[in-house]
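Each chain, written out:
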Amino acid sequence: TSANLKGPISTLCFSQTDDLLLVGYESGLLELWQHNSVVDHKQVSDGPITAACSMPDSQFAVTNMNTVVVDVWKLVWNQQCSKASLVKVKSYKVKTQMVRLVYCSLLVGVTFQGELRDVANVVKDEWGNTNTSWNQSVSILSVVRNDNKSVWLTGEKNDEIHIGFFFGMGSNAPINSSFSSITMNSGDNEQENKKRSLITAITVDQEFVVCGDEEGNIWFNQHPDISSWSEKKPAHLDRISELRLTDRNIISASYDRTLKLWDRNTKKQVGMFVCGGPVLFLEVNPRKPSELVCADGQGKLYSLCWKD
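Along each chain, residue indices are assigned from 1 in the same order as the chain's sequence is written. Given that the model is predicted, a residue must reach a pLDDT of at least 70 before its local features are reported, and side-chain atom pairs must reach 80 or more before they are shown or counted; all residues, however, enter totals for whole chains, interfaces and linings. Only heavy atoms go into the side-chain values, all of them from the structure, while hydrogens and water stay out.

### Details of the UniProt feature "repeat: WD" (unreviewed entry) in the chain
Now for step 1: Mapped onto the present numbering, the UniProt feature "repeat: WD" (unreviewed entry) falls at residues 233-272.
Now for step 2: Strands are runs of DSSP state E lasting at least two residues, helices are runs of H or I lasting at least four, and both sets are numbered from the N terminus onward. Within residues 233-272, the helical portion is 0% and the strand portion 60%, while the C-alpha atoms at the span's ends are 16 Å from each other. UniProt positions are given in the numbering used here, feature names are shortened, and annotations may be inferred rather than shown by experiment.

And the structure:
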C-alpha cells in the first residue's frame, strides 16, 4: 500500500507479458511499476487518464480525457538494463474520446456511447471500422480478455444483462462484423412493483457469469442450465464496483471499502481485505492470478497476494 499525494487514480492496467503495472491518475500522471516500485513516471496530459491497455512488445495504449488521441508507450531499457523509461512510439488521432481500450490482435477503443472502433484505422473506412451494436443503448460494465484475439464485453440495459463477444483477426479485418451479443434476463423475478436495484458490475469467464448490484448483492448463473440464476446473496454493505474471476476465485470489490474472495465452486467467502476508502479499481495479474492490485477513493494503491 502507498499513501498518495498524487491525487485520485483513474486507471490500472497490468502488462499481459511482462511483470509491469501501469497506473494512470486524474492529474494526467502515468506511473510504471515493477516489483512494487516505480520504474518511471511521466506527466502525459493535463486531464485524467481515462483508459489504458497492454499491447505486445512491452507496450501500452493510453488515452486521456482532454484530447482525442490514443498514444502507444513502450518500455525501453538503457544499455546497462539499469533504468527503464516510457517512450511514446505512436499516436493515433481518434474522432471521439475512448473510455476503454482493449488489444486483441488489433487495438480497439470503446466510446462512452458504447461504440467499438478500430483505433489504428479510424480514418480509412469509418463504416467497416466501427461497430455500433450497443451504441447508446447498453451501458458497458466490463471488457474481459478471453484469449489473445478475443474479449467478452458485459453491459446492462433496463435491468437486463448483455453479454457480447468480440474477436479480432488482425488490423485489416473489419470490426463491424466481428461482434455478437446476447441478452440474459437478470434473474430478478420478484414482483414488478418492487424497486429493482441497479446492476453495477458483471464479469464472465467462458459460460460463467457473475453480477453485482448497487446494494452489495452478488449472483451468478448456474450449472448445468446456464440461463438460470442463483438467489442474490448479500456480499457487501454497499455498491459492488468491480468483479473478477480466476480459475479458483470470484473477487468482489465494493464502495464499503472491502475486497472479498469467494471460492468459485462453493461460493463461500475465503478472504477479505479492508481498504481506506471505497474500492474503485481492481485488476488481477494475468500472469499470477493470486496477485491483484486495487485502488481506493483516497488515491491509495494496494498490492495483494494470497495462497490458494
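### Let's talk about the packing of aromatic side chains
Now for step 1: For this analysis, a ring pair means two rings from Phe, Tyr or Trp (six-membered ring only for Trp) whose centres lie within 6.5 Å, classed as stacked if their planes differ by under 30 degrees, edge-to-face if by over 60, and tilted for the remaining angles. The tally for this structure, following the rule as stated, stands at 4 aromatic pairs.
Now for step 2: Relative to Phe179, the ring of Trp134 has its centre 5.2 Å away and its plane inclined at 90°; by these criteria the two rings are edge-to-face. One end of the pair, Trp134, is in the loop between strand S12 (130-131) and strand S13 (139-147); the other, Phe179, is in strand S16 (residues 179-185), and 45 residues separate them in sequence.
Now for step 3: Note on Phe273 and Tyr302: the rings are 5.4 Å apart at their centroids and 70° apart in plane angle, and the pair reads as edge-to-face. Here Tyr302 lies in strand S27 (residues 301-305) and Phe273 lies in strand S24 (residues 269-274), a separation of 29 residues in the sequence.
Now for step 4: Partly exposed residues are those whose accessible area sits between 20% and 50% of the maximum for their type, while under 20% is buried and over 50% is exposed, using a 1.4 Å probe and protein chains only. On the basis of relative accessibility, which here comes to 27%, the residue Phe273 falls in the partly exposed class.
Now for step 5: Note that Lys232 overlies the ring of Trp219, its terminal NZ or CZ placed 4.1 Å from the centroid.
Now for step 6: Taking the ring centre of Phe220 as reference, the NZ or CZ of Lys267 above it sits at 4.9 Å. Comment: the charge-over-ring label is applied if NZ (Lys) or CZ (Arg) is within 6 Å of the ring centre and within 35 degrees of the ring normal.

### Overview of the sheet that holds strand S21 (residues 240-245)
Now for step 1: Should DSSP find at least two bridges between two strands, the strands are taken to pair. The 4 strands lie next to each other as S21-S22-S23-S24, forming an open sheet whose pairing is antiparallel. Both edges of this open sheet fall to S21 and S24, since each of them pairs with a single strand only. Averaged over all pairs of adjacent strands, the angle between strand axes in this sheet comes to 15°, irrespective of strand direction.
Now for step 2: Pairing analysis gives 5 bridges linking S21 to strand S22 (residues 249-254), with the strands arranged antiparallel. For helices, the fitted line uses only the C-alpha atoms of the stretch in contact; every axis is such a line through C-alpha atoms, and the angle between N-to-C directions lies from 0 to 180 degrees.

### Details of the sheet that holds strand S6 (residues 59-64)
Now for step 1: With antiparallel pairing, the 4 strands of this open sheet are ordered in space as S5-S6-S7-S8. Each edge of the open sheet carries a strand with a single partner, namely strand S5 (49-55) and strand S8 (84-93). Along the sheet, successive strands turn relative to each other by an average axial angle of 25°, direction set aside.
Now for step 2: The sheet contact formed by strand S7 (residues 69-77) and S8 spans 9 bridges and is antiparallel. Its bridge partner lying in S8, Lys74 is registered against Val87.

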